[in-house]
Amino acid sequence: MSDTITDPAATHFEPTAYHVREGSEGAALDVQDFNLWYGKAQALHDNNLAIQKGMVTALIGPSGCGKSTLLRCFNRMNDLVDDLHIKGRITVDGFDIYGPGVDVIALRKRMGMVFQKPNPFAMSIYDNITYPLRVDGVTKKAILDETVERALQSAALWGEVKDRLNETALGLSGGQQQRLCIARAVASDPEVLLMDEPCSALDPIATAKIENLITELSGQYTIVIVTHSMAQAARVSHNTAFMYLGRIIEYGETETIFTTPRRQRTSDYVTGRFG
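From a predicted model like this one, the values you see are computed outputs, not experimental measurements.

Rules of the game
Residues numbered from 1 in each chain as written. Predicted model: local features only at pLDDT ≥ 70, side-chain atom pairs only at ≥ 80, totals over all residues. Heavy atoms only, no water. 1 Å grid on protein atoms, 1.4 Å probe; cavity = no way out; pocket = protein on both sides within 12 Å on 5 of 7 lines; lining within 4 Å. Points joined across faces, edges and corners; volume = space filled by probe spheres on them. Nonpolar A, V, L, I, M, F, W, Y, C, P; charged D, E, K, R; others polar. Pairing = 2+ DSSP bridges. Helix = DSSP H or I, 4+ residues; strand = E, 2+ residues; numbered from the N terminus. Axes fitted to C-alpha atoms, helices over the stretch in contact; angles between N-to-C directions. Parallel < 35°, antiparallel > 145°, perpendicular 65-115°, else oblique. Left-handed = near helix turned anticlockwise from the far one by under 90°. Contact = heavy atoms within 4.5 Å. Salt bridge = Lys/Arg side-chain N within 4 Å of Asp/Glu carboxyl O. Buried < 20%, exposed > 50% of the residue type's maximum accessible area, 1.4 Å probe, protein only. Phe/Tyr/Trp six-rings, centres within 6.5 Å; stacked < 30°, edge-to-face > 60°. Lys NZ or Arg CZ within 6 Å of the ring centre and 35° of its normal. Expected span 1.5 Å × (residues − 1). Arc of directions from axis to C-beta.

S.K.: It is not clear to me how the layout of surface pockets should be interpreted in this structure. Could you clarify?
M.R.: Once rolled over the atoms, a probe with the size of a water molecule shows which space is left empty. Approximately 610 Å³ is the volume attributed to the largest pocket. Taken together, 19 residues line the largest pocket, and the ones lying closest to its centre are Arg108, Met111, Met113, Pro132 and Arg184. The class makeup of the residues in the lining of the largest pocket is 11 nonpolar, 4 polar and 4 charged.

Printed below as a string of structure tokens:
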């Protein structure tokens, strides 16, 4: 059935149940009829999304469309907002993360998070990486040392900082700080990496390094990235979800979304007609 929506200001939406191909290992995150309200204001509407294991999934759409809100539902960071309530399910390996008795701290350990602006702690590079382990009670130096090298290698930063591990992380460049934050996120070996506009505060050279890093980390981790840059989504992601006014309008393989989308609204956005 063709999409008859052509007016970007229209508020009527068809069902959004287009699906990507099934990966051999299924979905890492499964969003099912998910709605979210801040007080009386509804921010997410009836969203369905199966994020495949080991792949990079990009969330694109205009500002205020719900991309970051949805991303923060995956590790329940939105719980920190007053008067928030949800309807629907998000499952990880089959269990409902909003179900009764869920250990939110344990959930967040499975979901590494990288924010829009680099946020290294005001401590040494070494202590930034080992902080998540020390919180869990890990004190054995051999384990901490191995984790620091592994995490910095994973973040393509080891060669640049291996002789500066005891220096403050705040002395690094912006791009290095963001890669350090990625290293810190992977230090505790999460299953999923959530990235909320990780390159928006970086210059083109640093952005290219982060994008190369995302490509290298794909397969090791399931990565979900929010980005305003359609070019970035096209470069780094396997699958893309286009969101508008709190709804997933279309979801599919990135090449399809950008070249032969099934919905007119998606076509209008990726070709620059609005947004």
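S.K.: Would you take a moment to explain the pairing of strand S1 (residues 27–38) for this structure?
M.R.: Sheet faces and side chains relate simply in a regular strand, where the side chains alternate between the two faces. Summarising the sheet, S1 and strand S2 (residues 41–52) pair through 8 bridges and their orientation is antiparallel. Bridge pairing in S2 links Asp30 to Ala50. Here S1 folds back onto S2, and the loop between the two strands holds 2 residues, one of which, Gly39, carries a positive phi near 65°. Alignment of S1 against strand S4 (residues 84–92), held across 8 bridges, turns out to be antiparallel. The residue bridging Leu29 from the neighbouring strand is Val92, located in S4.

S.K.: I'm lost on the packing of helix H3 (residues 125–135) against helix H6 (residues 174–187) in this one. Help?
M.R.: Helix-helix packing: each pair is described by the crossing angle between the helix axes and the interaxial distance. Packing of H3 against H6 leaves a shortest axis separation of 8 Å and a crossing angle of 30°. One element, H3, and the other, H6, form an angle in the roughly parallel class. As H3 runs across H6, the sense of the crossing is right-handed. Two secondary-structure elements touch here, H3 through Ile125, Asn128, Ile129, Pro132 and Leu133 and H6 through Leu180, Ala183, Arg184 and Ala187. Grouping the constituent residues of the contact of H3 with H6 by class yields 7 nonpolar, 1 polar and 1 charged.

S.K.: Which parts of the structure should I look at to understand the pattern of salt bridges?
M.R.: Should their charged atoms come close, side chains of opposite charge can pair. With the rule as written, the count across this model stands at 13 salt bridges. Two residues, Asp79 and Arg76, come together in a salt bridge whose shortest N-O distance is 2.8 Å. The exposure class assigned to Asp79 is partly exposed, which follows from its relative accessible area of 32%. The class of Arg76 is buried, set by a relative accessible area of 14%. Between Glu191 and Arg110 there is a salt bridge whose closest N-O contact spans 2.7 Å. Separated by 81 residues along the polypeptide, Glu191 in the loop between H6 and strand S7 (192–196) and Arg110 in the loop between helix H2 (104–109) and strand S6 (111–114) bring together distant segments of the chain. Taken together, the shared-partner salt bridges in this structure form one network comprising Lys53, Asp93, Arg110 and Glu191.

S.K.: Where do I start with the pairing of strand S9 (residues 239–244) in this structure?
M.R.: Along S9, 6 of the 6 residues are buried, which leaves the element largely enclosed by surrounding structure. Residues Asn239, Ala241 and Met243 line one face of S9 and the alternating positions Thr240, Phe242 and Tyr244 line the opposite face, and both faces are buried. Counted between consecutive antiparallel strands, the loop separating S9 from strand S10 (residues 247–253) contains 2 residues, among which Leu245 sits at a positive phi close to 50°.

S.K.: I keep staring at the sheet that holds strand S5 (residues 95–96) and nothing clicks. Help me out?
M.R.: Strands pair in a sheet through their backbones, by hydrogen bonds, and they do so in one of two ways: parallel or antiparallel. The strand order S2-S1-S4-S5 describes an open sheet built from 4 strands, whose pairing is antiparallel. Edge positions in the open sheet fall to S2 and S5, since each of these has one partner strand only. In this structure, S4 lies alongside S5, joined through 2 bridges in antiparallel fashion. The partner of Val92 across the bridge, within S5, is Phe95.

S.K.: Where do I start with the packing of aromatic side chains in this structure?
M.R.: One pair of aromatic rings is described through two measures. These are the centre distance and the angle between the planes. Scanning the entire structure with this criterion turns up 3 aromatic pairs. Measuring from centroid to centroid gives 5.6 Å for Phe34 and Tyr98, while their planes differ by 40°, and the two rings are tilted. Pair noted here: Phe34 is in strand S1 and Tyr98 is in the loop between S5 and H2, with a separation of 64 residues, a long-range link. There is no split in this pair, since Phe34 and Tyr98 are both buried. A centroid spacing of 5.0 Å and a plane angle of 65° characterise the contact between Phe121 and Tyr131, whose relative ring orientation is edge-to-face. Placement of Phe121 in the loop between S6 and H3 and of Tyr131 in helix H3 is noted, with a sequence separation of 10 residues between them. In this structure Phe121 comes out as partly exposed when scored by relative accessible area, which is 29%. Positioned above the aromatic ring of Phe121, the side-chain terminus of Arg184 is 4.0 Å from the ring centre.

S.K.: Help me understand helix H4 (residues 141–154) in this model?
M.R.: With 14 residues, H4 ought to run about 20 Å at 1.5 Å a step, and its terminal C-alpha atoms sit 20 Å apart, in line with that. Taken as a whole, H4 has its buried residues at Leu144, Thr147, Val148, Ala151, Leu152 and Ser154. Along the axis of H4, the buried residues cluster in a sector spanning 155°; they form a single face. The inward-facing, buried residues of H4 contact H3, helix H5 (158–161), H6 and helix H7 (204–217). Ala156, located one to two residues past H4, shows a positive phi value of around 55°.

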